[in-house]
Amino acid sequence: MTQISPAPGPGARTAGPVGVALVGAGVISTQYLTALSAFPDVRVLAVADLDVARARAAADAHQVPQAGDVASVLAIPEVEIVVNLTIPAAHAEVAAAALAAGKHVYGEKPLALAPADGAKILAEAQSRGLRVGSAPDTFLGAGLQSAARALAAGAIGEPVSATAVTQGPGPEGWHPSPEFLYQYGAGPLFDIGPYYLTALVALFGPVTRVAATARQARARRVIGSGPRAGSEFTVDVPTHVHALLDFAGGPSASATFSFDASVPRRMIEITGTEGTLSLPDPNTFDGPLRIRAFGEEEWRDLPVTGTTAGRGIGVLDLARSIRGGTPHRASGELAQHVLELMSGVTDSAERHGFVELASGAPEVRILPDDWDPVTATLT
Ligand SMILES: NC(=O)c1ccc[n+]([C@@H]2O[C@H](COP(=O)([O-])OP(=O)(O)OC[C@H]3O[C@@H](n4cnc5c(N)ncnc54)[C@H](O)[C@@H]3O)[C@@H](O)[C@H]2O)c1
């Protein structure tokens, strides 16, 4: 990694929209650029990538003024938050470079490949007075926030258990560079698991122990789209994982994460002492949210209110929290707990026993019902 001279820290700025730079101009960057460009409280100032032409094309497509390599973008003084959209193997390295340049960092999931790397990022940020945020931010969307409000209002009584399933044939059918999704740091557990596990931790609090089994159906897969369609690649990680989780607050959960299923299925249900809540796909920002009490024969729809502005609302909440001096919700600490949880699942599947988790997780405050990403609040 190129040496970067520290830029003036974000402490210098206390008002107005927050300057943001994206690092990583791949598939997911379009969603971030579209959402962030619509939020007046942030200003997207630059895009960086190892492939500078790709960064330039993404910047041009969204009227972002600057593009370049990582070092040049980190040297822009007005950039306060670096949004790290690189592949998982580069998350820790890019986060470290952003922090060294005096920037807050918000990264795509997972926070890092291993808990020790995630802990280093958090410690480095703390020592510099900087913040770490992390995807997923889907749990801040209307669907899951409405679920959180329903649970807080006692809609199903006391939560007892949860069942989560995410399965399908895997992403190599549509992603043009899917290799990283089958390497250490991805697979169904680390790539899709964060949506489900973050939702459960945000709703129930920290996990205390996990047990799991894991399998791999095929050692090689075939790219299904893009210029390299038809080429084979190697699968390095388990592609079918079953996990059991115990939460400190009392509930337990079972969760299945699979890229080995011909039938796509995505569900989370939470059962309480008075009924069951069916949550929306936690990889989305909207509903439906449904409830079925004991004795009822049909599901009933519950109201879904809140933002559906998409990936990037966690960055906006971070930006507003920096200005307001309040804790941000899609935090590095939450992502670190989820990373330890996923690592514990992997360890358990190898060791054939329960793995205890030491870390806690911060309480996630419910977003106000009228939280509006497209109204300017930072003047
Ligand atoms: N693709 C999706 O639908 C999706 C959805 C949600 C989250 N994510 C997450 O977003 C991240 C990126 O996924 P993607 O699908 O956009 O991947 P991608 O492979 O399409 O793009 C990654 C980009 O990062 C760049 N890059 C890699 N290492 C870098 C480094 N050290 N410095 C600068 N640039 C670097 C690559 O050149 C590439 O342009 C992953 O963490 C993934 O889990 C992806």
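Structural data are supplied above this passage.
Scope of this entry: the structure provided in the associated data block.

Conventions used here
Residues numbered from 1 in each chain as written. Predicted model: local features only at pLDDT ≥ 70, side-chain atom pairs only at ≥ 80, totals over all residues. Heavy atoms only, no water. Near = heavy atom within 4 Å. Polar contact = N/O pair within 3.5 Å; in protein donor to acceptor, adjacent residues only side chain to side chain. Areas by Shrake-Rupley, 256 points an atom, 1.4 Å probe, with all protein chains shown as cover. 1 Å grid on protein atoms, 1.4 Å probe; cavity = no way out; pocket = protein on both sides within 12 Å on 5 of 7 lines; lining within 4 Å. Sits in = over half its atoms within 2 Å of the grid points. Pairing = 2+ DSSP bridges. Helix = DSSP H or I, 4+ residues; strand = E, 2+ residues; numbered from the N terminus. Salt bridge = Lys/Arg side-chain N within 4 Å of Asp/Glu carboxyl O. Buried < 20%, exposed > 50% of the residue type's maximum accessible area, 1.4 Å probe, protein only. Points joined across faces, edges and corners; volume = space filled by probe spheres on them. Nonpolar A, V, L, I, M, F, W, Y, C, P; charged D, E, K, R; others polar. Contact = heavy atoms within 4.5 Å. Axes fitted to C-alpha atoms, helices over the stretch in contact; angles between N-to-C directions. Phe/Tyr/Trp six-rings, centres within 6.5 Å; stacked < 30°, edge-to-face > 60°. Lys NZ or Arg CZ within 6 Å of the ring centre and 35° of its normal.

The next subject is the site of the ligand. For the ligand, the set of nearby residues contains 25 residues, the closest of which are Val27, Ile28, Asp49, Arg54 and His175. With respect to the ligand, the backbone of Leu50 contributes an N or O atom lying 3.3 Å from a nitrogen atom. Here an oxygen atom of the ligand sits 3.5 Å away from a polar atom, N or O, in the side chain of Asp191. Here the ligand has 820 Å² of accessible area as a free molecule, and 89% of this is covered by the chains. Among the cavities detected, the one that contains the ligand is the largest pocket.

Taken together, nine strands build an open sheet; the order of strands is β16-β15-β14-β13-β7-β12-β11-β8-β17 and the sheet is mixed. The sheet terminates laterally at β16 (300-301) and β17 (355-356), the two strands that pair on one side only. Note that strand β11 (residues 240-247) and strand β12 (residues 252-258) share seven bridges and pair antiparallel. Counted as the bridge partner of Ala243 is Ala255 from β12.

Oppositely charged side chains are able to pair whenever their charged atoms sit close together. Inspection of every chain in the model, using the stated rule, returns 17 salt bridges. Notably, a salt bridge pairs Asp51 with Arg54, separated by 3.8 Å at the nearest N-O pair. Arg54 sits in the partly exposed class, given a relative accessible area of 44%. One salt-bridge network, in which partners are shared between bridges, spans Glu172, Arg218, Arg221 and Asp260.

It is worth spelling out the layout of surface pockets at this point. Estimated volume of the largest pocket: approximately 1,300 Å³. If you list the elements that add at least two residues to the lining of the largest pocket, you get α3 (70-74), α4 (88-100), β7 (159-167) and α7 (187-204). The class makeup of the residues in the lining of the largest pocket is 24 nonpolar, 14 polar and eleven charged. Taken as a whole, the second largest pocket spans an internal volume of roughly 360 Å³. Looking at the second largest pocket, it is lined by 20 residues, and the ones nearest its centre are Ala148, Ala202, Leu203, Phe204 and Val364. Only α6 (142-152) and α7 provide two or more residues apiece to the lining of the second largest pocket. The class makeup of the residues in the lining of the second largest pocket is 16 nonpolar, two polar and two charged.

Right, let's talk about helix α1 (residues 29-37) for a bit. If you check which residues of α1 are buried, you get Ser29, Tyr32, Leu33, Ala35 and Leu36. Among the structural elements, β1 (18-23), β2 (42-48), α2 (52-61), β4 (81-84), β5 (104-107) and α8 (313-324) are those in contact with the buried residues of α1.

A word on the sheet that holds β4. Pairing in this open sheet of six strands is parallel, and the strands run β3-β2-β1-β4-β5-β6 from one edge to the other. Where the open sheet ends on each side, the last strands, each with one partner, are β3 (66-68) and β6 (132-134). The average angle at which neighbouring strand axes cross in this sheet is 25 degrees, direction not considered. Summarising the sheet, β5 and β6 pair through three bridges and their orientation is parallel. Note that in β6 the partner of Val105 across the bridge is Val132. Against the sheet, α2 contacts β2 and β3, and its axis sits at roughly 165 degrees relative to β3.

A word on the packing of aromatic side chains. Evaluated as defined, the whole model comprises three aromatic pairs. Centre to centre, the rings of Phe204 and Phe247 are 5.0 Å apart; their planes meet at 80 degrees, and the pair counts as edge-to-face. Placement of the pair is Phe204 in helix α7 and Phe247 in strand β11, with a sequence separation of 43 residues. A relative accessible area of 10% means that Phe204 is categorised as buried. Accessibility expressed as a relative area gives 4% for Phe247, which makes it buried. Members of the aromatic cluster, connected to one another through ring pairs, are Tyr182, Phe233 and Phe259. A cation over an aromatic ring shows up here: Arg209 above the ring of Phe354, its NZ or CZ 3.7 Å from the ring centre. Residue placement shows Arg320 over the ring face of Trp371; its charged tip is 5.1 Å from the ring centre.

None of this, on its own, says anything about what the molecule does.
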